[in-house]
Amino acid sequence: MRHNVAGKHLNRNSAHRKALRMNFTVALLKHERVTTTLAKAKALRPFVEKMITLAKKDDPATRLHRIRQAVTLLQDKTVVKKLFDEIGPRFTNRPGGYTRVLRLADHRIGDGGAQAIIELVDNDVLERKIKAAEEAEAAVDETEDAGV
């Protein structure tokens, strides 16, 4: 019987799970969208939600302590800066549910694992990519017009 054995093990030992969780959280906070397996996405969600909750609190007296907690857990100061300066303030009015897991129809080729996308709820990754493509296209059009 599995008494008092909680959480997803993901076929890894505890140190490997901790590193996996940290690396995926850093990648998700940096890019705001990550494609992975469904099991990893579901296991990652509570940790990311706790990090965003840590960053969205508005008490200046405990800000330094919360930043140090985040640096300890994430080991990446640039991502912690983004978390506290950009991501945390975006979710101040949201009571929870900062991430979304979307199942993908295709499976991984090697082992047939179910794939999913985990992303921040209010991300604008696709909008930024479309805008960048439009700007690049406009720049190309301007150079062609200038050359003619």
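Rules used throughout
- Residues numbered from 1 in each chain as written.
- Predicted model: local features only at pLDDT ≥ 70, side-chain atom pairs only at ≥ 80, totals over all residues.
- Heavy atoms only, no water.
- Core = buried A, V, L, I, M, F, W, Y, C linked by side-chain atoms within 4.5 Å.
- Buried < 20%, exposed > 50% of the residue type's maximum accessible area, 1.4 Å probe, protein only.
- Helix = DSSP H or I, 4+ residues; strand = E, 2+ residues; numbered from the N terminus.
- Contact = heavy atoms within 4.5 Å.
- Patch = residues over 30% accessible without salt bridge, like charges linked within 9 Å, V, L, I, M, F, W, Y side chains within 5 Å.
- Areas by Shrake-Rupley, 256 points an atom, 1.4 Å probe, with all protein chains shown as cover.
- Salt bridge = Lys/Arg side-chain N within 4 Å of Asp/Glu carboxyl O.
- Lys, Arg positive; Asp, Glu negative; His and termini not counted.
- Charge placed at Lys NZ, Arg CZ, Asp CG, Glu CD.
- 1 Å grid on protein atoms, 1.4 Å probe; cavity = no way out; pocket = protein on both sides within 12 Å on 5 of 7 lines; lining within 4 Å.
- Points joined across faces, edges and corners; volume = space filled by probe spheres on them.
- Nonpolar A, V, L, I, M, F, W, Y, C, P; charged D, E, K, R; others polar.
- Axes fitted to C-alpha atoms, helices over the stretch in contact; angles between N-to-C directions.
- Parallel < 35°, antiparallel > 145°, perpendicular 65-115°, else oblique.
- Expected span 1.5 Å × (residues − 1).
- Bend = angle between axes of the 7 residues up to and from the residue.
- Pairing = 2+ DSSP bridges.

Draft legend 1. Molecular detail of the nonpolar core. Leu 29, Met 51, Ile 52, Leu 74, Leu 83 and Ile 87 are the most contacted members of the largest nonpolar core, which totals 28 residues. For this core, the secondary-structure elements that each account for two or more residues are helix H1 (14-31), helix H2 (38-56), helix H3 (63-74), helix H4 (77-90) and strand S3 (114-120). The element that contributes the greatest number of residues to this core is H2, accounting for nine residues. Look past the residues within four positions of Leu 74 in its chain and what remains in contact with it is Met 22, Thr 25, Val 26, Leu 29, Phe 47, Met 51, Val 79, Val 80 and Leu 83.

Draft legend 2. Main features of a positive patch on the surface. Side chains of Arg 2, Lys 8, Lys 42, Arg 45 and Arg 103 sit close together on the surface and give a patch of like positive charge. Residue class for Lys 8 comes out exposed when judged on its relative accessible area of 55%.

Draft legend 3. Structural context of the layout of surface pockets. Estimated volume of the largest pocket: approximately 270 Å³. Around the largest pocket sit Lys 8, Leu 10, Arg 17, Leu 20, Arg 21, Phe 24, Lys 40, Ala 43, Leu 44, Pro 46, Phe 47 and Lys 50, which together line it. Among the elements of the structure, H1 and H2 are those that each provide at least two residues to the lining of the largest pocket. The greatest single-element share of the lining of the largest pocket, amounting to six residues, is contributed by H2. Within the lining of the largest pocket, the residues separate by chemical class into seven nonpolar, no polar and five charged.

Draft legend 4. Structural context of the packing of H2 against H4. In the contact formed by H2 and H4, the axes pass within 8 Å of each other and the chain directions differ by 95 degrees. Between H2 and H4, the interaxial angle falls into the category roughly perpendicular. For the pair H2 and H4, the contacting residues are Met 51, Ile 52, Leu 54, Ala 55 and Lys 56 in the first and Leu 83, Phe 84, Ile 87 and Gly 88 in the second. Here the contact of H2 with H4 is built from residues that sort into seven nonpolar, one polar and one charged.

Draft legend 5. Quick look at H4. Compared with an ideal rise of 1.5 Å per residue, which puts 14 residues at 20 Å, H4 spans 19 Å between its outermost C-alpha atoms and is within 8% of the ideal. Where H4 bends most, at Leu 83, the angle is about 40 degrees. Among the residues making up H4, those that are buried are Val 79, Val 80, Lys 82, Leu 83, Phe 84, Ile 87 and Gly 88.

Draft legend 6. Just the pattern of salt bridges, in detail. Following the criterion strictly, the structure yields eight salt bridges and no others. In this structure, Arg 90 and Glu 32 form a salt bridge, with 3.4 Å as the shortest nitrogen-oxygen distance. One end of the pair, Arg 90, is in helix H4; the other, Glu 32, is in the loop between H1 and strand S1 (33-37), and 58 residues separate them in sequence. Relative accessible area serves as the criterion here: at 2%, Glu 32 is assigned to the buried category.

Draft legend 7. Here's a closer look at the sheet that holds S1. Strand order in the open sheet made by the three strands is S1-S3-S2, with antiparallel pairing throughout. Because the sheet does not close on itself, it has two edges, and the strands there are S1 and strand S2 (99-107). Between one strand axis and the next, the sheet turns by 25 degrees as a mean value, whatever way the strands run. Contacts from H1 reach S1, S2 and S3, with the element oriented near 145 degrees to S1.

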